[in-house]
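Here is what each chain is made of, one letter per residue.
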Amino acid sequence: MTTVKLDVVPLFATGPVYMTQGTHHLYLENRLDVSALLRRHVTGDWQEMVPEDQQSNLEAVREGLRVFSSFAIEDCAESDKVWVITEADRSSTTILFPSEY
C-alpha cells in the first residue's frame with residue numbers, strides 16, 4: 001500500500017499554534033489529530049459549521065479578521081467539539097475546548 005500526501009494550499013497563515021491544557025492532554029494521548037484539525041481549518045473545510053458561520057469565515061479570510069472553526073471529536077469526556085481560532089492579525093492560532101474559552 002502506498003501513502004500519498006497531498007499538498008494543501010492554506011487560505012491564511014496561522015502564526016504559532018498553541019493548545020490549551022485540555023487539548024494538549026488529548027494530543028499527548030494520541031486522541032487528537034492536531035495536524036488534521038489545522039489542515040481543515042486553514043483550507044476552509046468548515047462543513048461541520050452552519051452555513052452562516054462558514055460564510056463568516058470566508059469573509060474573515062478576505063478581510064483579515066479572526067477565523068473560527070469548530071470540529072466534532074469522538075470519545076472525549078471533556079467535550080464533543082474542539083475549536084480552532086486564528087487571530088485577526090494572524091499572530092497565533094489556538095486549539096481549545098469550548099469550556100476553555
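My aim in this report is to walk through the structure given alongside it, one point at a time. Everything numeric here is computed off the predicted structure, so don't read it as measured data.

**Regarding the sheet that holds strand 4 (residues 93-96)**
Okay, so step 1: Spatially, 1-4-3-2 is the arrangement adopted by the four strands of the open sheet, whose pairing is mixed. Lying at the two open borders of the sheet, with one neighbouring strand each, are strand 1 (17-19) and strand 2 (67-72). The mean angle between the axes of side-by-side strands here comes to 15 degrees, regardless of whether they run parallel or antiparallel.
Okay, so step 2: Across the face of the sheet, helix 1 (residues 21-28) comes into contact with strand 1, strand 3 (81-86) and strand 4 while running at roughly 90 degrees to strand 1.

**A short note on the nonpolar core**
Okay, so step 1: If you look at the biggest cluster of nonpolar residues, it comprises 12 residues: L26, L32, V34, L37, L38, F71, I73, C76, V82, V84, I95 and F97.
Okay, so step 2: Breaking this core down by element, the ones donating at least two residues are helix 2 (34-43) and strand 3.
Okay, so step 3: Other than its neighbours up to four places away in sequence, L32 contacts T23, L26, Y27, L37, I73 and I95.
Okay, so step 4: Within the second largest apolar cluster, six residues are counted, among which are F12, V42, W46 and M49.

Calculation criteria
Residues numbered from 1 in each chain as written. Predicted model: local features only at pLDDT ≥ 70, side-chain atom pairs only at ≥ 80, totals over all residues. Heavy atoms only, no water. Pairing = 2+ DSSP bridges. Helix = DSSP H or I, 4+ residues; strand = E, 2+ residues; numbered from the N terminus. Axes fitted to C-alpha atoms, helices over the stretch in contact; angles between N-to-C directions. Contact = heavy atoms within 4.5 Å. Core = buried A, V, L, I, M, F, W, Y, C linked by side-chain atoms within 4.5 Å. Buried < 20%, exposed > 50% of the residue type's maximum accessible area, 1.4 Å probe, protein only.

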